[in-house]
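Structural description and commentary
One letter stands for each residue in the lines below.
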Amino acid sequence: MLCDLCPRECNIERTEYTGGFCGVGKLPKIARIAPHYDEEPILSGKNGAGTIFFSGCSLRCVFCQNYTISSEDTGRYITPYQLSEEYRRLEDLGVHNIEFVTPTHYVDAIIESLGYYRPKVPLVYNSSGYDKVASLRKLDGIIDIYLPDLKYSDNALSSRLSSCDDYVQTATAAINEMISQTGDILIEDGLIKRGVMIRHLVLPSHVKNSIGVLELIKNNWGATIPVSLMSQYFPAGKADRYPDINRSLTAREYKKVLDKLYELELDGFAQELSSADKKYVPVWDY
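The following refers to the structure shown. (Residues numbered from 1 in each chain as written. Predicted model: local features only at pLDDT ≥ 70, side-chain atom pairs only at ≥ 80, totals over all residues. Heavy atoms only, no water.)

What follows deals with the sheet that holds strand E12 (residues 227–230). Read from one edge to the other, the open sheet built from 3 strands follows the order E11-E12-E13, with strand pairing classed as parallel. Only two strands of the sheet have a single neighbouring strand rather than two, namely strand E11 (198–201) and strand E13 (268–270). Shown here is a sheet whose adjacent strand axes are inclined to one another by a mean of 10 degrees, direction ignored. Across the sheet, helix H9 (residues 251–263) touches E12 and E13, and the angle it forms with E12 is around 170 degrees. (Pairing = 2+ DSSP bridges. Helix = DSSP H or I, 4+ residues; strand = E, 2+ residues; numbered from the N terminus. Axes fitted to C-alpha atoms, helices over the stretch in contact; angles between N-to-C directions. Contact = heavy atoms within 4.5 Å.)

Okay, here's the thing in structure tokens:
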């Protein structure tokens, strides 16, 4: 398999256990499968989102709060059939959806797994936003809810912190494709059933980047796409090597971004600063 699933287009032979930039093989490598109760209320509801955390990543942010699984050898390999059996287990626990977390480099394996069993609850694609349109088109008619990040409005910053100098245009094109597939957001009984919601993590020292992201959303999609503004940042991964992000977000910084969210009349959710706590990072125990 010469892999070109993500925008990196490594075209490297991915065997079952070895790969390219993402660092993982073509078999799904899993760090955790469990109900998750700390997502946005329209995702978690009462019974939790059925999250499946994949190991490896096509972006590799230096500040990643899941650095242990995105960049280190954490998780274990399973087959697509075994993955499909996990959908059944999660459904039996009563989750409101099946949420694929960091799935970009496993699009083909996910499609194969759904050939064995298609869950009866909505399917969520939760990614960094650094997705390839051609790979997303494989998921047309399969994914119900897209939950992309929009991390940057500044390619110089994305190059420095996430090793990609084309993030803005790539993520914008990806989100356009996601919206074209799902159409308008559909919420029933307080739970999202279909649509796109954009997440943005506010970084310390980079309020201008966050304001630019909100303006990018407004200019491209108006106020039709809900935004989840996240303040949960704390230094993780290799953040201690970057003085500008080696600290927590201040209340003043977050207020500036919140003010812009309200000024632009964007709908959605905003975390409280108290969410910046390591206790919310899952235990990576499969």
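Text resumes after the structure shown.
This brings us to the packing of aromatic side chains. Within this structure, the stated rule accounts for 9 aromatic pairs. Relative to tyrosine 77, the ring of tyrosine 17 has its centre 5.0 Å away and its plane inclined at 75 degrees; by these criteria the two rings are edge-to-face. Taken as a pair, tyrosine 17 in the loop between strand E2 (12–13) and strand E3 (29–36) and tyrosine 77 in strand E5 (residues 76–77) lie far apart in primary sequence, 60 residues in all. Residue tyrosine 77 is classed as partly exposed on the basis of its relative accessible area, which comes to 22%. On the numbers, 5.5 Å between centres and 65 degrees between planes, the contact of tyrosine 125 with tyrosine 146 is edge-to-face. Remark: tyrosine 146 occurs in strand E8 (residues 145–148) and tyrosine 125 occurs in strand E7 (residues 123–127); sequence separation between them is 21 residues. For tyrosine 125, a relative accessible area of 2% gives the class buried. (Phe/Tyr/Trp six-rings, centres within 6.5 Å; stacked < 30°, edge-to-face > 60°. Buried < 20%, exposed > 50% of the residue type's maximum accessible area, 1.4 Å probe, protein only.)

Turning our eyes to something else, we now look at the nonpolar core. By size, the foremost hydrophobic cluster in this structure holds 73 residues, and its most contacted members are Ile52, Phe63, Ile98, Phe100, Leu150 and Leu161. No other element matches helix H7 (residues 167–182), which puts 7 residues into this core. Those residues in contact with isoleucine 52 that lie beyond four places of it in its chain are Ile30, Arg32, Ile33, Leu83, Tyr87, Leu90, Ile98, Glu99, Phe100 and Val101. Ile42, Val124, Ile145 and Leu147 belong to the second largest nonpolar core, which has 7 residues in total. (Core = buried A, V, L, I, M, F, W, Y, C linked by side-chain atoms within 4.5 Å.)

Moving on, we come to the pairing of strand E10 (residues 191–196). Sheet analysis places E8 next to E10, joined by 2 bridges and oriented parallel. Each residue of the ladder has a partner; that of isoleucine 145, found in E10, is glycine 195. Taken together, the 3 bridges between strand E9 (residues 186–188) and E10 define a ladder with antiparallel strand orientation. Across the sheet, the residue bridging to glutamate 188 is leucine 191, located in E10.

Bringing the packing of H7 against helix H8 (residues 207–221) into the picture now. Across the interface, H7 lies against H8 with an axial gap of 12 Å and an inter-helix angle of 45 degrees. Considered as vectors, H7 and H8 are oriented oblique to each other. Regarding H7 and H8, the two cross each other, and that crossing is right-handed. On H8, the residues that touch Val168, Thr172, Ile175, Asn176 and Ile179 of H7 are Leu216, Asn220 and Trp221. Residue composition of the contact of H7 with H8, grouped by class: 5 nonpolar, 3 polar and no charged. (Parallel < 35°, antiparallel > 145°, perpendicular 65-115°, else oblique. Left-handed = near helix turned anticlockwise from the far one by under 90°. Nonpolar A, V, L, I, M, F, W, Y, C, P; charged D, E, K, R; others polar.)

A separate point is unusual backbone geometry. Non-glycine residue arginine 60 carries a positive phi angle of around 65 degrees. Secondary-structure assignment places arginine 60 in the loop between strand E4 (49–54) and helix H2 (67–70). Of note, the phi angle at serine 205 is positive, near 75 degrees, even though the residue is not glycine. You can see serine 205 is positioned in the loop between E11 and H8.

The subject of this paragraph is the pattern of salt bridges. According to the stated counting rule, one finds 16 salt bridges in the structure shown. Here glutamate 215 and lysine 260 are joined by a salt bridge, their closest N and O atoms 3.6 Å apart. Placement of glutamate 215 in helix H8 and of lysine 260 in helix H9 is noted, with a sequence separation of 45 residues between them. One continuous salt-bridge network, built from bridges that share partners, spans Asp4, Glu9 and Lys132. (Salt bridge = Lys/Arg side-chain N within 4 Å of Asp/Glu carboxyl O.)

Right, let's get into the sheet that holds strand E6 (residues 98–101). Overall, mixed pairing links the 8 strands, which are arranged E5-E3-E4-E6-E7-E8-E10-E9 in an open sheet. Each edge of the open sheet carries a strand with a single partner, namely E5 and E9. As judged from the 4 bridges shared by E6 and E7, these two strands associate in the parallel manner. Along E7, the bridge assignment pairs isoleucine 98 with leucine 123.

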